[in-house]
Amino acid sequence: MEVKVLKSEEINNEVSNRIINLVNSNKNAILGLATGSTPVGVYKKLAEAYKEGKVSFKTIRSFNLDEYIGLTEDNDQSYRYFMNHNLFDHIDIDKNNTKVPCGLGDVEKNAKDYDAAIDAAGGIDFQILGIGSDGHIAFNEPGTSFNEGTHIAELTDQTITDNARFFAKKEDVPTKAITMGLASIMKAKEIVLIAVGANKAEAVKELINGKMSEDWPCTILQKHNNVTIYADEAAYSKVTK
Ligand code: GLP
């Protein structure tokens, strides 16, 4: 696990450059994308690079990590809406090639089909991750089995409280989500996790110093062979050398 402590702007530059280099060298690249406030800066840089003619996403495919259960695509809190608004509408990617787990209809079947679709596409080349304050990645909450594929998850009160800032009130936050599992995420060839801000410090400490445990889902990354953790000073502040 490589760890880089940088300023947020430097993290955005470095991660977006890694994605641009990958896309420019592999026209069939498959990106694993995340939502939340953390990757927004990276997505802005990708949109800028596209506008400047430095990269094209025309033949690129993507799979998102997760989606709330019960929100339609046009709901401005859905992760599909987030991705369109923050990235896909600003680059030349074919939206048919962008997948976000579907939180409507037969969600159990959707979950099963999602892993099958990733495998059929050849697997994720580059996975971008944020991290929850309780160490969750995607919506894999503490206690989730390391062996799970895409599944339906109950959100913890901590996550609902953390994510309530995007909704009018806490009661509006869905309590369930469809999420790629830890086993699905671990299949990605290359993983980058970004953590910014003091509220991520405990999770980053467990990720780097902690014992691998399902109590801290992020610690599964310790056994992946190509992971880079990008943290700013605040998120890194509790790590012991
Ligand atoms: C949500 C998402 C995660 C994300 C986390 C942190 O729970 N499901 O993928 O990493 O929030 O969000 P933020 O980047 O806004 O701190």
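Our structure's up above, just so we're on the same page.
Residues numbered from 1 in each chain as written. Predicted model: local features only at pLDDT ≥ 70, side-chain atom pairs only at ≥ 80, totals over all residues. Heavy atoms only, no water.

A. Local environment of the nonpolar core. Counting 62 residues, the largest nonpolar core has Tyr43, Ile137 and Leu221 as the members making the most contacts within it. Discounting residues that sit within four places of it in the chain, Leu221 has contacts with Met1, Leu129, Ile137, Met186, Ile191, Leu193, Leu207 and Val227. Counting residues in each nonpolar core, the second largest holds ten residues, with Tyr79, Phe139, Leu155 and Phe167 among its members. (Core = buried A, V, L, I, M, F, W, Y, C linked by side-chain atoms within 4.5 Å. Buried < 20%, exposed > 50% of the residue type's maximum accessible area, 1.4 Å probe, protein only. Contact = heavy atoms within 4.5 Å.)

B. A look at the site of the ligand. Taken together, 13 residues sit near the ligand, with Ser37, Thr38, Asp66, Arg165 and Lys200 positioned nearest. A distance of 2.8 Å is found between a nitrogen atom of the ligand and a side-chain nitrogen or oxygen belonging to Asp66. Of all the cavities here, the one that holds the ligand is the largest pocket. Across the shell around the ligand, the residue classes break down as four nonpolar, six polar and three charged. (Near = heavy atom within 4 Å. Polar contact = N/O pair within 3.5 Å; in protein donor to acceptor, adjacent residues only side chain to side chain. 1 Å grid on protein atoms, 1.4 Å probe; cavity = no way out; pocket = protein on both sides within 12 Å on 5 of 7 lines; lining within 4 Å. Sits in = over half its atoms within 2 Å of the grid points. Nonpolar A, V, L, I, M, F, W, Y, C, P; charged D, E, K, R; others polar.)

C. Main features of the pairing of strand β3 (residues 61–64). The pairing of strand β2 (residues 30–33) with β3 spans four bridges and is parallel. Counterpart to Gly32 in the pairing with β3 is Phe63. Between the parallel elements β2 and β3, the chain passes through helix α2 (residues 40–51) in a crossover that is right-handed. The pairing of β3 with strand β5 (residues 98–99) spans two bridges and is classified as parallel. Residue pairing for β5: Phe63 is matched across the bridge by Lys99. (Pairing = 2+ DSSP bridges. Helix = DSSP H or I, 4+ residues; strand = E, 2+ residues; numbered from the N terminus. Right-handed = clockwise from strand over helix to strand, strands pointing away.)

D. Representation of the side chain of Asp134 in the model. Following the sequence through the fold, Asp134 ends up in the loop between β6 (126–129) and β7 (151–154). Although Asp134 lies buried, it forms no salt bridge, and the closest oppositely charged side chain, Lys200, sits 9.1 Å away as judged by the N-O distance. Reaching out from Asp134, the side chain makes a polar contact with the side chain of His136 at a distance of 2.7 Å. A polar contact is formed between the side chain of Asp134 and the side chain of Thr156, at a distance of 3.4 Å. (Lys, Arg positive; Asp, Glu negative; His and termini not counted. Salt bridge = Lys/Arg side-chain N within 4 Å of Asp/Glu carboxyl O.)

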